[in-house]
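Commentary on secondary and tertiary structure
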Amino acid sequence: MASQRLTYRIHVDGIVQGVGFRPFVYRLAREYGLTGWVRNSSLGVDIEVTGPAEHLEAFLHALRAQAPPLADIQSLTWTPIPTPPTPPDTFLILPSEDQGGFTLVSPDVATCPQCLAEVLDPHDRRYRYPFTNCTNCGPRFSIIRKLPYDRPNTTMADFPMCAQCLAEYHDPLNRRFHAQPNACPKCGPHVELEVKPGWERHIKGPEEDDIARVARLLEAGAIVAIKGLGGFHLACDATNARAVRTLRERKPRPHKPLALMMRDLDMVRAYCHLSPEAEALLASPAAPILLLPAKPHTDLAPHIAPGQRHIGVMLPYTPLHHILLRDVNRPLVMTSGNRSNEPIARTHEEARESLDPIVDAYLWHNRPIHNRVDDSVWMLTPTGPMPIRRSRGYAPYPIRIHREAKTPVLATGSFMKNTFCLVSGRWAFLSQHIGEMEYAKTWRFFTESLQRFMDLFGIRPQVVAHDMHPDFAQLAHDLLAEIPTLGHVRWIPVQHHHAHIAACLADNQIAGPVIGLALDGTGYGPDGTIWGGEILLADERSYRRMARLTPFPLPGGDEAVRHPWRIALILAEQALGDIPSVLLDHLNIPSQMARIVIQQSDKGLNAPLTSSCGRLFDGVAALLGVRHHITYEGQAAIELETLAAQATDETRYPVSTQRRTSLWEIDWHPVVRAVWEDLQRGIPPERIARRFHNTLVHALSALVFHIAEETGVREVALSGGCAQNLLLQEGLIAQLEKMGLTVYTHHRVPANDGGLSLGQAVVALAQVSDME
């Protein structure tokens, strides 16, 4: 007896466009003898399918179980519908349909093994073609202008396909079926080398292509601007000390680490200690920069990452990179193509304006970049990988949150490491890395990207969350005034460290309450002081400040941040009473300058009080002679951690914890006294740095446990920029778990200010939801 024939209407949400999902559905339907159709829509993928009941059930199961590797199905719903009197006799892929709303957009994806094999095969028609891609890899977010994700809606619209590419594009059994960026040397984009006078002699004869010529330039010590996937890189030979020094001088970037690109995992193993977990992350479709322990005594230039024990490494993630790294066969510096603290250059005009004083040559290409997107950066922690910068390979893929947003929310992020976040339904769309908001170019990048996210996902926020700092509140108003489609909104200020803890809650899909350890450099407190060493009792909606580090002045405000000797002087003056002349000699401070700074602090003249953990690290780093002046954010604290990691000392310094009215304080004065005494006794700085870390771990974990006993809350959220300090993080997690507490850290968004906008959005959403 023939099985009953049924018809299902199926809708699939998630990352299901630009990942080979429709050809997968087509092949699956044919395998099970089903008829009907599949099509993209602006809401996801729609399927109508007819066949025997048992085949339909197997088909539904296989949709999830066998989905393409880049697909991420968030929901799959189906409804039985009447079977047509004359059902179709085949299965079709229909043209896309715009139904309003939004679907999810795939991030850019690193080159797949099949495409790489073609690029490296001298007999393949795509041999050495730098724009080779398929449905399993290639540009996505960086080229998309609007949904649905079809070629006319991307920056590939101006490249008509040749007959061979068109045949691949229309063949449902080909892995390039509906690969929107599909191209070859006949019909696709191409590269073009431009060399400045004096460097032509390093280019060999006409038998070489432009990428091979770039390899020769890099071998000769040139600095080359290379247009890539989401912007420009500045490249030079990472084994050439002179080239690296020249790049630093021209950029200028005196000390901040430079990212490296290495040919393959074998090359990475030659320079770094590599775990299986690290290998998997490096070789993942996102291909981020990963901080890895550097091996000693390699041929890398000495100033790749001065003062640090890790170097940032990524693998090639486009065919252009793969070809170049094989031609040059050595590690390359591949740092963001910008002037320091500006957004990465996207257009040729921006590159000429920003990079011309830096570079000796340009490698251009003529595929436009619509959405600029910088490289992502990750680190490995005891609890798993943690993002430091979430951008290429991850944005604009959203974070799923447990609370549904009935009112769309925009969160504007922070001054430093800015991102913004749009929330609609259960999706939080965290932007790519935007950068430092003190620069006009970053403002423009912010408004440009926000408008594009709003258009791409059809979200019109009615609530705007922003940092509580009065200056940022004004900045947010000014920025959003430049977006005419925004309309009238409700503004909600969110305290900086509450947002950090809320971001950790959202990262782990929990609501709280938790004991929040928010440890960072700077955040405006509602009492008008600068917070940063905080223990909060918090949930998504609200918080109560339970404890802090004892506040101290920052003489000169931002000047103290840039010149940590100022902090060291004040810490010593408050801890020791009188400043011995030997201390001034140690800090290399003239006595008159010291008196001025102390008087400024005593009188409260531009000397705001802070409880910042990051600034305490800075002051101790300066006291130990690690760093008296910094050239990038967090430098002194990072180098102090590097120093501490060289010692195995388990000693702790004395520290007192006392209650002041309703607030606990960790008093750092005895710690600073002990640090100075150890210095005077000739204890090596690395042991003192380790003892300082040990002391903070002990003091913070003991106080958190006391608060847990007092409140009954047994879960802890660890967030803020200092949570990226591995010694601090490892120590806190070990101690708190030994005390029977559960510790949550970050694994989807950064613990630093790059994840702050997610926390702001979650707080605003919780507050609005309570009122609805």
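Residues numbered from 1 in each chain as written. Predicted model: local features only at pLDDT ≥ 70, side-chain atom pairs only at ≥ 80, totals over all residues. Heavy atoms only, no water.

1. Some points on the pairing of strand β15 (residues 384-389)
With 5 of 6 residues buried, β15 lies mostly within the body of the structure. Relative to β15, strand β14 (residues 377-381) is paired through 5 bridges, and the arrangement is antiparallel. By the bridge assignment for β15, Val377 is matched with Arg389. Remark: 2 residues form the turn of the hairpin made by β14 and β15, two consecutive strands paired antiparallel. (Buried < 20%, exposed > 50% of the residue type's maximum accessible area, 1.4 Å probe, protein only. Helix = DSSP H or I, 4+ residues; strand = E, 2+ residues; numbered from the N terminus. Pairing = 2+ DSSP bridges.)

2. Focus on the sheet that holds strand β6 (residues 191-195)
Taken together, the 10 strands give an open sheet; going across it, the order is β6-β13-β7-β8-β12-β9-β11-β10-β14-β15, and neighbouring strands pair in mixed fashion. Two strands lie at the open edges of the sheet, namely β6 and β15, each paired on one side alone. Note that strand β8 (residues 232-237) and strand β12 (residues 332-336) share 5 bridges and pair antiparallel. Within β12, the position partnered with His233 by the bridge is Ser336. Strands β11 (310-314), β14 and β15 of the sheet are contacted by helix α22 (residues 726-738), whose axis makes an angle of about 40° with β14. (Contact = heavy atoms within 4.5 Å. Axes fitted to C-alpha atoms, helices over the stretch in contact; angles between N-to-C directions.)

3. Quick word on the side chain of Arg548
Within the secondary structure, Arg548 is located in strand β22 (residues 543-549). Side-chain polar atoms of Arg548 contact the side chain of Glu665, separated by 2.6 Å. Not counting residues within four places of it along the chain, the set of residues in contact with Arg548 comprises Asp527, Gly533, Glu534, Ser611, Leu663, Trp664, Glu665 and Ile666. (Polar contact = N/O pair within 3.5 Å; in protein donor to acceptor, adjacent residues only side chain to side chain.)

4. Some words on the pattern of salt bridges
Taken as a whole and assessed by the stated rule, the structure comprises 45 salt bridges. Its salt-bridge partner being Glu48, residue Arg9 comes within 2.4 Å of it at the nearest N-O pair. Within this pair, whereas Arg9 is found in strand β1 (residues 5-15), its partner Glu48 is found in strand β3 (residues 44-52), the two being separated by 39 residues in sequence. A salt bridge links Arg691 to Asp678, with the nearest nitrogen and oxygen atoms 2.7 Å apart. Residue Arg691 is found in helix α21 (residues 685-711), and its partner Asp678 is found in helix α20 (residues 669-680); the two are separated by 13 residues along the sequence. Here Arg691 and Asp678 have matching classes, each one buried. (Salt bridge = Lys/Arg side-chain N within 4 Å of Asp/Glu carboxyl O.)

5. Looking at the packing of aromatic side chains
Counted under the stated rule, the structure contains 15 aromatic pairs. Ring plane angle 85° and centroid distance 5.1 Å describe the contact between Phe420 and Phe453, whose orientation is recorded as edge-to-face. In this pair, Phe420 sits in the loop between β16 (399-411) and β17 (421-430) while Phe453 sits in helix α11 (residues 440-457), placing the two residues 33 residues apart along the sequence. Take Phe420: its relative accessible area is 0%, and that puts it in the buried class. Three or more aromatic residues link up through ring pairs in this structure, and these residues are Phe141, Phe420, Phe429, Phe446, Phe453 and Phe457. (Phe/Tyr/Trp six-rings, centres within 6.5 Å; stacked < 30°, edge-to-face > 60°.)

6. Some details on the layout of surface pockets
Quantified by volume, the second largest pocket comes out at close to 540 Å³. Along the wall of the second largest pocket there are 25 residues; nearest its centre are Pro107, Ala286, Gly393, Tyr394 and Tyr397. Mapped onto the lining of the second largest pocket, the elements with two or more residues apiece are β4 (72-81) and β16. Of the residues in the lining of the second largest pocket, the class split is 15 nonpolar, 5 polar and 5 charged. (1 Å grid on protein atoms, 1.4 Å probe; cavity = no way out; pocket = protein on both sides within 12 Å on 5 of 7 lines; lining within 4 Å. Points joined across faces, edges and corners; volume = space filled by probe spheres on them. Nonpolar A, V, L, I, M, F, W, Y, C, P; charged D, E, K, R; others polar.)

7. Section: the nonpolar core
One recurring pattern in soluble globular proteins: nonpolar side chains tend to sit buried together. Counting residues in hydrophobic clusters, the biggest one holds 106 residues, and the most contacted among them are Ile10, Phe21, Ile47, Phe59 and Leu63. Ranked by residues supplied to this core, first place goes to α11 with 7 residues. Sequence-distant contacts of Ile10, that is, excluding residues within four places in its chain, are made with Val45, Asp46, Ile47, Val49, Phe59, Leu60, Leu63, Leu76, Thr77 and Trp78. (Core = buried A, V, L, I, M, F, W, Y, C linked by side-chain atoms within 4.5 Å.)

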